[in-house]
Amino acid sequence: MKVRQGTLDQARSLLASFDPDGLKDAGLLPRNDLFFPSIYYPPLTQYPERDDSILDGLEWMNRDRFILYVHIPQCPSRCNYCHWVVSLQNSPAEMDAYLDRLEVEMDRWKSRLGGGRFAPRSILIGGGTPTLLPPKQMRRFLEMLTSRFELADCRQFSVEAEPATLLGADGAERLKLLSSFGVDRISMGVQSLDDGVLERMGRPHDARQALDAIEAIKTAGIGSLSIDLIYGFPGCTAETWAVALESALATGIDAYQLYRLRIVPHGDKVGPVKVQYERQPEAFPSLADVYLMKALGKVVSEARGFKENFRRIYSRGPSHISYYLRDYGCRLYDVLGIGISSWSNLGDRTVLNTGSTLKRYYSMIDDGRLPIDRGLIQTREDRQRKSAVLPIKTYGISKERYRQFCGSEFRDVYGERVRELERFGLVEESDLCVSLTERGGFFADEVAMQFYDPARLPFGKNSYADGPLNPHRAVSNRLVVG
Ligand code: SF4
């Protein structure tokens, strides 16, 4: 596969128009060239230790308007860039032991939240590698889930997958099961279609298997297929990345999610990539090349008819985006997370299940508790910031939704901040919403940090230039908590 003529030049000129150096001088981008994704607010790493008594007094009324997330931690091996909680104990007996606890946890959550009908608006089964469950355990899991949660109002049932697990007789059986239980979207971790990069990443599949799995998913009739691709890994150049993108978009996928390699973890687990970066930073592409790869994502996607319908998700249409991300990041729905290391947001309670070891998770379940070991009760200020951070990054802030969620006017709280960001061409405002411009969208995670409490930022004040967009200086004195 060849890159279309002029593609690299187009990406270079797009990037030049965004002027990242100017934004570094203004204090928006950190001087250490590192990246921290704005996924959760407050960030997971900042939750204090708490047990399940944090839920005392919670009257949760959203049983028919929430997102259900279930975590399957087993993986065939650990990828080098992985910062997630995974388990390599994956024999059928070990899978069953995990499912035993998951079943108990589902019932315990339902009872703790008042019982009755639980009807999620969307479901995401993530991992780990959920599709590593052998067919027998996969059936058991899907039965336990669908007998406890009603799917009647569920708009998307999505499962994360790894290519090699969807091939062969077992793969075909898994796909048949997923489809028969109502799964209508698969989000598959492909990461690259360059075998050299895949090997350095420690992925358990090669490019051929990824392409075969894409075919298998389409043949199985699963309605929507999204793949994940990572740019910025050692050995990845702008040219090889452009070829990988062209190859991916020439397949039958409906969407892909573009990830910049995360060197700084967003949770507690630290993947081998951080150590590798500290030892050998020169092995990693320069920041200029990383930005060029990101710009290529935009240029190549748009030339192939894929639009950025949701931040970093390029798709053939809005129905192919992740509803988990949309409903949580944009509509601010509650999330009920079940399984080791899962995260839940229920009203003003934000909690994290233990992520240390399976042994600890099992012992907490066997002791009759919910496996929560960290959490916080959000303050009014947390809600005001979260209601700006997540929507501005993902899609745009609806002023009406902000008013409903926070009981105050967005303009009253953030007017000064928005004017400053407008001055740099990063946001635009209408009567109904505030959203990112094309330039702002390119630096969406960093613009979102303009709405953080400085105490919640991942990098210190001196990591940024002393400009008007230094997030420590910009926000600390200007939030009007009405
Ligand atoms: S990156 Fe995904 S597939 Fe790889 S070890 Fe981590 S959770 Fe498993």
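An account of the accompanying structure is given in this report. Since the structure is predicted, the reported quantities are computational estimates derived from the model, not experimental observations. (Residues numbered from 1 in each chain as written. Predicted model: local features only at pLDDT ≥ 70, side-chain atom pairs only at ≥ 80, totals over all residues. Heavy atoms only, no water.)

### Points about the pairing of strand β3 (residues 156-161)
Among the 6 residues of β3, 5 are classified as buried, and the element is accordingly described as predominantly covered. As paired strands, strand β2 (residues 122-127) and β3 are joined by 4 bridges and run parallel to one another. Counted as the bridge partner of Ser122 is Gln156 from β3. Between β2 and its parallel partner β3, the chain crosses via helix α4 (residues 135-146), and the hand of that crossover is right-handed. Pairing of β3 with strand β4 (residues 185-191), which is carried by 4 bridges, proceeds in the parallel orientation. (Buried < 20%, exposed > 50% of the residue type's maximum accessible area, 1.4 Å probe, protein only. Helix = DSSP H or I, 4+ residues; strand = E, 2+ residues; numbered from the N terminus. Pairing = 2+ DSSP bridges. Right-handed = clockwise from strand over helix to strand, strands pointing away.)

### Comments concerning the packing of helix α13 (residues 380-394) against helix α14 (residues 399-406)
A pair of packed helices can be characterised by two numbers: the angle between their axes and the separation between those axes. As a packed pair, α13 and α14 sit with axes 10 Å apart at the nearest point and diverge in direction by 165°. For the element pair α13 / α14, the angle class is roughly antiparallel. Considering how the two elements wind past one another, α13 and α14 form a crossing that is right-handed. Here Arg380, Arg383, Gln384, Lys386, Ser387 and Ala388 of α13 lie close against α14, whose contacting residues are Tyr402, Phe405 and Cys406. Of the residues belonging to the contact of α13 with α14, the class tally is 4 nonpolar, 2 polar and 3 charged. (Axes fitted to C-alpha atoms, helices over the stretch in contact; angles between N-to-C directions. Parallel < 35°, antiparallel > 145°, perpendicular 65-115°, else oblique. Left-handed = near helix turned anticlockwise from the far one by under 90°. Contact = heavy atoms within 4.5 Å. Nonpolar A, V, L, I, M, F, W, Y, C, P; charged D, E, K, R; others polar.)

### Structural notes on the nonpolar core
In this structure, Leu102, Trp109, Phe141, Met188 and Ile227 are the most contacted members of the largest nonpolar core, which totals 153 residues. The greatest single-element share of this core, amounting to 9 residues, is contributed by helix α10 (residues 287-303). Phe310, Ile321, Tyr323 and Cys330 belong to the second-largest nonpolar core, a separate cluster that totals 6 residues. (Core = buried A, V, L, I, M, F, W, Y, C linked by side-chain atoms within 4.5 Å.)

### A word on the sheet that holds strand β15 (residues 433-436)
Read across the sheet, 3 strands follow the order β13-β15-β14 without closing on themselves; strand pairing throughout is antiparallel. Only two strands of the sheet have a single neighbouring strand rather than two, namely β13 (397-398) and β14 (427-429). The sheet contact formed by β14 and β15 spans 3 bridges and is antiparallel. Its bridge partner lying in β15, Glu428 is registered against Ser435.

### Looking at the state of the cysteines
Inspection of the entire model under this criterion finds 0 disulfides. Between Cys406, a cysteine without a disulfide, and Cys330, which holds the nearest cysteine sulfur, the sulfur-to-sulfur distance is 14 Å. By relative accessible area, Cys406 is classed as buried at 9%. (Disulfide = S-S within 2.5 Å.)

### As for the packing of aromatic side chains
The relation between two aromatic rings is expressed through the spacing of the ring centres and the mutual angle of the planes. The full count for this structure, using the stated rule, is 28 aromatic pairs. Between Tyr81 and Phe233, the ring centres sit 6.5 Å apart and the planes meet at 85°, which makes this aromatic pair edge-to-face. Of this pair, Tyr81 sits in the loop between β1 (66-72) and α3 (92-112) while Phe233 is found in the loop between β5 (224-231) and α8 (238-249), placing the two residues 152 residues apart along the sequence. Ring geometry for Tyr256 and Tyr314: centres 5.4 Å apart, planes at 20°, overall stacked. Taken together, the residues Tyr256 in strand β6 (residues 255-260) and Tyr314 in strand β8 (residues 313-315) connect sequence positions 58 residues apart. Among the residues examined, Tyr256 registers a relative accessible area of 0% and is labelled buried. (Phe/Tyr/Trp six-rings, centres within 6.5 Å; stacked < 30°, edge-to-face > 60°.)

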